[in-house]
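# Close look at the chain arrangement
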Amino acid sequence: MSVLESFKLTGKTAVVTGGARGLGRQHALALAEAGANTAICDLLSDEGEKTRQELEATGVRSIFGRVDVRIPQEIDEFLARVQQELGGVDILVNNAARPSEGIPLEQVPDDLWHDIIDTNLSSLFYVGKRAALQMMERKHGVIINMASINASVISNIAPRHNVAYCVAKGGVALLTKGMAAEWAPHGIRVNAIAAGYVLTDQTAASAKNPEILARNLANTPMKRYGNLDELKGTIVYLASEASSFMTGSVVYVDGGYTIW
């Protein structure tokens, strides 16, 4: 197999949670462009259907399902549909998440804390476990968990440091290593991507604050935010045979933010 052949995903079945827009949409497009039939789920039905059509326009098959990844029954129903219509899951990108809390820690209500942890951490376990059970039957599979630079550093946006969000993403990093350790004997590889500041709807809003923008750029050696499509190569690499000896890693794609 040539090195370029090793990046191809032709005939694979991929699932991307939170795939309707933003980074999730880009992850799904990357997998489809590499040849994978790609299923996406999200709470955003109109945007999800639009993205599904974009995926099919690349020449692959695609389905969209409205799924709340905090609810195991909805995950079960969606993955059963994926298996029936596209085949067993070969690749899972655990991308679904909610925004950071944007308030100081002592002001975080208990129910908001639970929602952030459940959405940004527990849901990766709920979906990952169920996808892994399918993968175990065929003794191969790939899971990519979306972590963050906040898996290793607290958000430096005083006086609010988004602690609940950072705790969840730190948990994602260790969950990734735990999944990798437990499921390697079953032929399943699990890695995570820790993205830096990428121009999503959320970061674009905070970047309008001159102080926050200046601080983030000062802490980033490349002196810019990432573009939405700048994780596509990493997604395909981790999903493909190009990374066949790689598991349990957290890959930082952050413009150098975590150097300092």
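Located above this text is the structure these notes cover.
Residues numbered from 1 in each chain as written. Predicted model: local features only at pLDDT ≥ 70, side-chain atom pairs only at ≥ 80, totals over all residues. Heavy atoms only, no water.

## Comments concerning the packing of helix α3 (residues 72-85) against helix α4 (residues 110-138)
Put simply, the rule reads: For every element, the axis is a line fit to its C-alpha atoms; helices are fit only across the contacting stretch, and the angle between N-to-C directions ranges from 0 to 180 degrees. Helix and strand definitions here come from DSSP, where helices need a minimum of 4 consecutive H or I residues and strands a minimum of 2 consecutive E residues; each element is numbered from the N-terminal end. Here a crossing is called left-handed whenever its near helix is offset anticlockwise from the far helix by less than a right angle, and right-handed whenever the offset is clockwise. Throughout, a residue-residue contact means that at least one pair of heavy atoms, one from each residue, lies within 4.5 Å. The classification used treats Ala, Val, Leu, Ile, Met, Phe, Trp, Tyr, Cys and Pro as nonpolar, Asp, Glu, Lys and Arg as charged, and all other residues, Gly among them, as polar.
At their nearest, the axes of α3 and α4 sit 9 Å apart, and the two run at 35 degrees to each other. Considering the relative orientation of α3 and α4, their crossing is right-handed. Where α3 abuts α4, its residues Pro-72, Ile-75, Asp-76, Leu-79 and Gln-83 lie against Tyr-126, Val-127, Arg-130, Ala-131, Gln-134 and Glu-137. The residue inventory of the contact of α3 with α4, partitioned by class, reads six nonpolar, two polar and three charged.

## Remarks on the sheet that holds strand β3 (residues 62-66)
Counted only if it meets this: If DSSP finds at least two bridges between two strands, the strands pair.
Strand order in this open sheet of seven strands is β3-β2-β1-β4-β5-β6-β7, and the pairing throughout is parallel. With one partner strand each, in any of the chains shown, β3 and β7 (250-253) form the two edges of the open sheet. In this sheet, neighbouring strand axes are inclined to one another by 15 degrees on average, regardless of whether the strands run parallel or antiparallel. With five bridges joining them, strand β1 (residues 13-17) and strand β2 (residues 37-42) adopt parallel strand pairing. In the sheet register, Val-16 faces β2, and the bridge partner there is Ile-40. Contacts from helix α2 (residues 45-56) reach β2 and β3, with the element oriented near 170 degrees to β3. Packed on one face of the sheet, α4 meets β1, β4 (91-94), β5 (141-146) and β6 (188-195) and runs near 175 degrees to β4.

## Thoughts on the side chain of Asn-145
Our working rule: Categorising residues by exposure relies on relative accessible area from a 1.4 Å probe, with only protein chains included: less than 20% of the type maximum marks a residue as buried, more than 50% marks it as exposed, and the intermediate range marks it as partly exposed. Counted as a polar contact is a pair of N or O atoms within 3.5 Å, where, for protein atoms, one must be capable of donating a hydrogen and the other of accepting one, and residues adjacent in sequence contribute only when both atoms are in side chains.
Residue placement: Asn-145 occurs in strand β5. Taking relative accessible area as the criterion, Asn-145 reaches 0% and is therefore assigned buried. Of note is the side chain of Asn-145, whose polar atom sits 3.0 Å from the side chain of Asn-94. In this structure Asn-145 touches Asn-94, Leu-124, Val-172, Thr-176, Met-179, Val-190, Asn-191, Ala-192 and Ile-193, once residues within four positions along its chain are discounted.

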